[in-house]
Amino acid sequence: MVSKFNRDSKKIVHLAVNACLAPVCSMHGLAVTTVEGIGSTRSRLSAVQERLAKSHGSQCGFCTPGIVMSMYALLRNQPKPSLEELEIAFQGNLCRCTGYRPIIEGFKSFLEDYEVQGRAVANGKAGGCAMGDKCCKKQGACSKNITQNLVQPHQFAPYDPSQEPTFPPELQVADEYDAQFLTFSSERVTWYRPTKLSDLLQLKEKHPSAKVVVGNTEIGVEVKFKNFHYPVLIQPNHIEELTSVQVIEGQGVKFGAAVTLSELEATLKEQQKKQPETTTQVFKAITDMLNWFAGKQIRNVAAVGGNIMTGSPISDLNPIFMAAGCVLEVSSASKGSRKVTMDATFFTGYRRNVISPEEVLVSITIPFTKENQHFLAYKQAKRRDDDIAIVNAAFNLTLNSQKEVAKLSMAFGGMAPTTILATKSAKALKGKEWNEQTLEAALDLLVQEIPLSPGAPGGMILFRRSLTLSFFFKFYLSVQQSLNGVVPEEAKSATRQFHSLPTKSAQYHEVVPEGQALHDLVGRNVPHLSGSKQATGEAVYCDDIPKIANELYLALVLSTKAHANIKSVDASAALATKGVHAFFSAKDLSPDANQHGTIIKDEEIFVSKTVTSQGQVIGAVVADDQMTAQRAAKLVKIEYEELTPIIVTIDDAIKENSFFEQFKPRLTKNNFEQGLKSSEHTLSGEVHIGGQEHFYLETHCSLAVPKEDNEIEIFSSTQNPSEIQSMIAHMLKVPINRVTCRVKRIGGGFGGKESRAALLALPVALAAHRLRRPVRCMLDRDEDMVATGGRNPFRGRYQVGFDAQGKIHACKMVMYNNAGYSVDLSCSVMDRAIFHMENAYNIPNIDTEGFLCKTNLPTNTAYRGFGGPQSMFLAENYIEDIAVYLNKDPAEIRRINLYQEGDITHYNQELVNCTLQRCWDECAEKSDYNERKKQVEKFNNENRWKKRGLCILPTKFGIAFSAYFLNQSGALVHIYVDGSVLISHGGTEMGQGLHTKMIQVASRALGVPETDIYISETSTDKVPNTPPTAASAGSDLNGMAVMEACEILLKRLEPYKKANPKGAWKDWVSAAFFDRVSLSATGYHATPDIGFDIKTKQGKAFNYFTYGVACSEVEIDCLTGDHQVIRTDIVMDLGESINPAIDIGQIEGAFVQGYGLFTMEELVYSPTGTLYSRGPGMYKIPGFSDIPAEFNVSLLRGAPNPRAVYSSKAVGEPPFFLAASVFFAIKNAIASARADVGLKGAFRLDSPATAARIRVACQDRFTAKFPEPEPGTFTPWNVMP
Ligand SMILES: Cc1cc2nc3c(=O)[nH]c(=O)nc-3n(C[C@H](O)[C@H](O)[C@H](O)COP(=O)(O)OP(=O)(O)OC[C@H]3O[C@@H](n4cnc5c(N)ncnc54)[C@H](O)[C@@H]3O)c2cc1C
Ligand code: FES
């Protein structure tokens, strides 16, 4: 948080900003507060930190400090914020773990209403629950053994704003910090801060290529990610002409170019309150647009001038400024001042305009509108909050008294290398009456005037072209409505914009039985035990480990070709750089030592001859520090000889017959052919589901420390310490006992750190070993995204036979996954896909097989659900097709095919304790499915351009590693003489609350309170030979091992308890110690009765299954492809949950991550294997406002699971697939839109259901104007891997 004293308003302003984009030089005279400065577990947590931790709003905790500071900055400005302000504050924050609901709920306690309610409950005055009207009692769901209170708000410490640190008085009293002309110089950059316009102009005259920097939100990105170097930077934030705001009577408002977007927004909102509505239409268009412009942190610093001068073709403000004809004032020392209108001539090319290098943009005047003027702007992005536009538009229309077009300006972004004005169309429409014919004429004119070639950068050609018409159509209708013109009732939905819906949620779970001992934490909602440390910034992640003496930094040299022979590698320039110590490549290892891989060793640590993907590691530069290493890595010259073919997509692989031949699993049940023949109906189909980037907030990181006797201690952000340990030993040719891998916690894993951590850990360990110095590296986000792979895309071809009721008799499924350049875990991913291709349905005849496509992409790997979500998605597609074929509700097809108790799967496993039907019934009832289905149909009949969809679907997820030997783990429990207990176990803590649950298990097993139990870290020298923390089995395996170790110790303590029954824990421990009894024990658990052989179909594939059902309702905008999730209800069987709050957090987090997979997360690749989506700018994960507006989660009651620790069930992956309910609700809504134009019958919708896919699938008269170009006649900009 940056705080400053505004000398005009005499107020202190607190701004949340992005630390990575805030240059230190720009902080002069400002007060900076970080998360460490507002509270600490050693003294006192701030109210924000405490409430977030207690509300279960921190899982891996990597996002938590940022979220804390956004809330803290809001509260410092506004101690009693409104819900809207709360939502706005988080537009720029992301969390990959929690699903946001607990964060929002926790922070709602700062809203005035909530505080009042919470206190009343605490004082016993309200006689009710702090949930107020949402209390389960009021909703009739509360009973003796069920509750919905995951959090006790009345236990929060009160928030007292007066106790916060004060703004430094010296910054307030004197203006010396503001008035100084400053110069900061380094070897590479000089930063000037003039305080007078004349000085600024002189500097610009002297250094025409100098960059004027205000928010640094564009320049910062260019320097960090595009390798731009700007030797001279000039900050104009203290120059009056560039920071002032002036209302010019009859003209408009003049804003200095360095006025921030937040200030622009505040001024324009104020003007809208003061001035007549007719005069402030441009202002309204801007403030509406700013709500969807970046996040608060960016708007707080980014300036209006920066947006104009950057000249991005997808700038959100430039279309408005151009349509409004805003006037700019530009100035230079030699030529003086001049006025420039933002018209069709303003932009002269990609990011270029008519302002010359020595000129400075001083101000912009935004005009008032007139009585007969209509001004509206539109934007469609991949994600509503904090996303750059795909296409945007602004329309400025003046009608004469005959309702004829007197003046029209139409600006579009995203359709050319610059923002454009459709001047020809506007001219042709002049004088025309505002009616349907003019609309049609306008559409045709725009089709002509705004072309886009089929291979244009940005792709999504049909979508983008359709949007130009959709926006104009929306504008047309809005104007008609405001003129009281004829607009059919059902068409009005076109003009309604989506707004953030107020969030609602409920969580139901069983409570612990009365009389359960207080120390026994099993079943209780214990907050994540690191939550407070995560909220204060004290939690230590790999890269937080303080620098060790002599430490060096490593930077990877990655391949930039997808398929090429390496002709030469020249590191001489890098090695000549001051501070560089070494360069490592394949030459530094024997071919055997260079080889690695989890299942088969088909990868090289450093590629020796042929790169088969971009992002492969060719070498590593080791230097004194990060900056030197990274710069030097870019100096390594690699000569390639490019090879063909470059196989990117599954289609390419099929065409080139490029598969990993040794992995072609096939599984059959009974006789598919016969089943099909005897079926009344048959159908077939094909569908594709794209990949997914893990986007853990902590990227891969390793720190290796060499020790004596060839020992290596490696700290790695891995889910698999034992594998890292053994791989390093193999590489260094030392016994495994010389390597120790340690993991304190990781900032999210989701499978991405199961096998891929080796990519970094191995070079880092090699460098440390060879140089005998500690070596560290943490990947930048773009490196992580380009090198480490993600979820396997899948293509499925299916054929089903079924009867008139929809009962399925036979199913054949052929699946292809895009494995990338190596096998990694893709074969096991395919195995799990084979096991889940029937999702939750009993199909008597099955034939399924899988192929691993070998492509020139980064190798794909484990990802939450591990192939299960992909194949269950394929299954739900044939269910939907059958429903369309039979004209039935898909819910009906699902219900009649659901597995029942005792049914046998296609891998010969009998379903025992199958609660699917119970979950289904409870979810259908809780969601009121039948009634809401009718309401959705009614809505769809009444609305043409907005459609709703509702979907209920089940999931069944098998719990166990498919590799037999991985189903084991261990624990080591020490009791020290003071009675304190230290637990080590084989699992890693990555936010899922594993350590918290293990302490809960030990609290019951040992009978001691949590305060006596501690888990420090996961380390291979404490518990050896462990499996990865994966397959949702962490709690099951390690919980049993911890329990066993505790029971061994308890047995040893038994005699001392008996001898001193009134004694306390410490007394028994002490007595045993003095009696020379070992107080240390190992526990070991191997899942019994498990292990399936796919060839013989013998054995049991899974220990048990986790079941769940979800119902989701969505609304789509048929004209833009936008959508909103209105409500989701989930019922899951998690046995007797060890910690319902953590488990519900896993359900919500998995659901929201799954929602990302099925709706917005899209890896964008060029046909030659270049990943375009290398960061949060282009790869969108769900944000705060994307979660279901109403989000209810219930854990099934009375369903103990006899096959896991304390009757619990695994939870990490199973809920993930339930997000497909949103996808199919969207498909349902699209089907309604298609039916309106007479398109009936099944249609293919690939995943994710992005705005582009939704819009294009809703075919209508606008899309019909753009015929699809012939495939093969052009090279597309991007392809679907
Ligand atoms: C996370 C993120 C999200 C974003 N989201 C959006 C979005 O939704 N919509 C959108 O349109 N943009 C978005 N942007 C782009 C960017 O925030 C805007 O373009 C912003 O307005 C730039 O302002 P700035 O002050 O930070 O520019 P800076 O980075 O400081 O400067 C940008 C350019 O403008 C030049 N410049 C600045 N002021 C002057 C001046 N007075 N005279 C001459 N040249 C000048 C600079 O020299 C530089 O070339 C986003 C950026 C980020 C990092
Ligand atoms: S808790 Fe938010 S990213 Fe992990």
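Rules used throughout
- Residues numbered from 1 in each chain as written.
- Chains lettered and ligands numbered in written order.
- Predicted model: local features only at pLDDT ≥ 70, side-chain atom pairs only at ≥ 80, totals over all residues.
- Heavy atoms only, no water.
- UniProt positions renumbered as here; feature names shortened; annotations may be inferred.
- Phe/Tyr/Trp six-rings, centres within 6.5 Å; stacked < 30°, edge-to-face > 60°.
- Helix = DSSP H or I, 4+ residues; strand = E, 2+ residues; numbered from the N terminus.
- Buried < 20%, exposed > 50% of the residue type's maximum accessible area, 1.4 Å probe, protein only.
- Lys NZ or Arg CZ within 6 Å of the ring centre and 35° of its normal.
- Contact = heavy atoms within 4.5 Å.
- Arc of directions from axis to C-beta.
- Pairing = 2+ DSSP bridges.
- Axes fitted to C-alpha atoms, helices over the stretch in contact; angles between N-to-C directions.
- 1 Å grid on protein atoms, 1.4 Å probe; cavity = no way out; pocket = protein on both sides within 12 Å on 5 of 7 lines; lining within 4 Å.
- Points joined across faces, edges and corners; volume = space filled by probe spheres on them.
- Nonpolar A, V, L, I, M, F, W, Y, C, P; charged D, E, K, R; others polar.
- Core = buried A, V, L, I, M, F, W, Y, C linked by side-chain atoms within 4.5 Å.
- Salt bridge = Lys/Arg side-chain N within 4 Å of Asp/Glu carboxyl O.

- Per an unreviewed UniProt entry, the protein chain goes by FAD-binding PCMH-type domain-containing protein and derives from Cloeon dipterum.
- Quoted verbatim from the Sequence similarities (unreviewed entry) field of UniProt, the annotation for the protein chain is "Belongs to the xanthine dehydrogenase family."

1. A short note on the packing of aromatic side chains
And step 1. With the rule as written, the count across this model stands at 44 aromatic pairs.
And step 2. Ring geometry for F62 against Y541: centres 4.8 Å apart, planes inclined by 85 degrees, an arrangement best described as edge-to-face. Separated by 479 residues along the polypeptide, F62 in the loop between α1 (47-54) and α2 (64-77) and Y541 in the loop between α19 (531-536) and β21 (552-558) bring together distant segments of the chain.
And step 3. You can call Y541 buried: its relative accessible area is 6%.
And step 4. One Lys or Arg, R791, reaches over the ring of Y863 and ends 4.3 Å from the middle of that ring.
And step 5. Geometry around Y508 places K926 over its ring, the cationic atom sitting 5.2 Å from the centre.

2. Concerning the UniProt feature "active site" (unreviewed entry) in the protein chain
And step 1. Per the UniProt record, "active site" (unreviewed entry) is annotated on E1213.
And step 2. Of note, E1213 is situated in the loop between β48 (1190-1195) and α36 (1220-1236).
And step 3. Classification of E1213 as buried rests on a relative accessible area of 9%.
And step 4. Excluding its chain neighbours within four sequence positions, the residues that come into contact with E1213 are R864, G865, F866, F957, A1031 and S1032.

3. Some thoughts on helix α34 (residues 1065-1074)
And step 1. Residues of α34 that are buried include every one of W1065, W1068, V1069 and A1072, and no others. Burial along α34 is one-sided: seen end-on, the buried residues are contained in an arc of 100 degrees.
And step 2. Packing partners of the buried residues in α34 comprise β39 (968-975), β40 (981-985), α32 (994-1007) and α33 (1034-1059).
And step 3. Following α34 by one or two positions, R1076 adopts a phi angle in the positive range, close to 65 degrees.

4. Some points on the sheet that holds β21
And step 1. Strand order in the open sheet formed by 8 strands is β23-β27-β21-β34-β31-β32-β33-β42, and the pairing between neighbours is mixed. Unpaired on one side and paired on the other, β23 (580-585) and β42 (1018-1019) mark the two borders of the sheet.
And step 2. Here strand β32 (residues 712-716) runs beside strand β33 (residues 739-743); their pairing, made up of 4 bridges, is parallel. Looking across to β33, one finds that F715 is bridged to R742.
And step 3. Most of the contacts of helix α25 (residues 758-771) go to strand β31 (residues 701-706), to which it runs at about 25 degrees, and overall it touches β21, β23, β27 (617-623), β31, β32 and β34 (775-778).

5. A closer look at empty space enclosed by the protein
And step 1. Applying the stated rule across the entire model yields 14 cavities of 30 Å³ or more.
And step 2. For the largest cavity, the lining is made up of 32 residues, of which M990, Q992, S1032, Q1146 and G1212 are closest to its centre.
And step 3. Those elements that provide at least two residues to the lining of the largest cavity are α32 and α33.
And step 4. Considering every element that reaches the lining of the largest cavity, the biggest residue donor is α33, with 3 residues.
And step 5. Within the lining of the largest cavity, the residues separate by chemical class into 13 nonpolar, 13 polar and 6 charged.
And step 6. Its volume calculated, the second largest cavity comes out at about 220 Å³.
And step 7. In terms of lining, the second largest cavity is formed by 18 residues, of which the most central are L501, T503, F1184, S1185 and D1186.
And step 8. Of all the secondary structure elements, the ones that give two or more residues to the lining of the second largest cavity are α3 (83-89) and β47 (1123-1133).

6. Re the nonpolar core
And step 1. One finds F107, M410, F472, L554, I714, I728 and Y878 to be the most contacted residues of the largest nonpolar core, which totals 280 residues.
And step 2. The leading source of residues in this core is helix α18 (residues 461-482), at 12 residues.
And step 3. Ignoring sequence-local partners within four residues, the contact set of Y878 consists of Y798, V800, I808, C811, M813, M837, E838 and I843.
And step 4. Among the nonpolar cores identified, the runner-up in size contains 56 residues, and L21, M289, A294 and V362 belong to it.

7. Here we look at the environment of E249
And step 1. Along the chain, E249 turns up in the loop between β9 (245-248) and β10 (252-256).
And step 2. Taking the C-alpha atoms as reference points, E249 and Y1165, 916 residues apart in sequence, are found 51 Å from one another.

8. Regarding the pattern of salt bridges
And step 1. For the structure on display, the rule yields 64 salt bridges.
And step 2. D178 serves as the salt-bridge partner of R7, at 2.7 Å between the closest nitrogen and oxygen. Residue R7 is found in the loop between β1 (2-6) and β2 (11-15), and its partner D178 is found in helix α7 (residues 176-179); the two are separated by 171 residues along the sequence.
And step 3. Given a relative accessible area of 23%, R7 falls into the partly exposed group.
And step 4. Residue K947 is joined to D1236 by a salt bridge in which the shortest nitrogen-to-oxygen separation is 2.6 Å. Of the two residues, K947 sits in strand β38 (residues 946-959) while D1236 sits in helix α36, which places them 289 residues apart along the sequence.
And step 5. The class for K947 is buried, based on a relative accessible area of 0%.
And step 6. Exposure remark for D1236: the relative accessible area of 41% places this residue in the partly exposed category.
And step 7. Shared partners join several salt bridges into a network, and the residues in it are K504, R932, E1113, R1127, D1129 and E1190.

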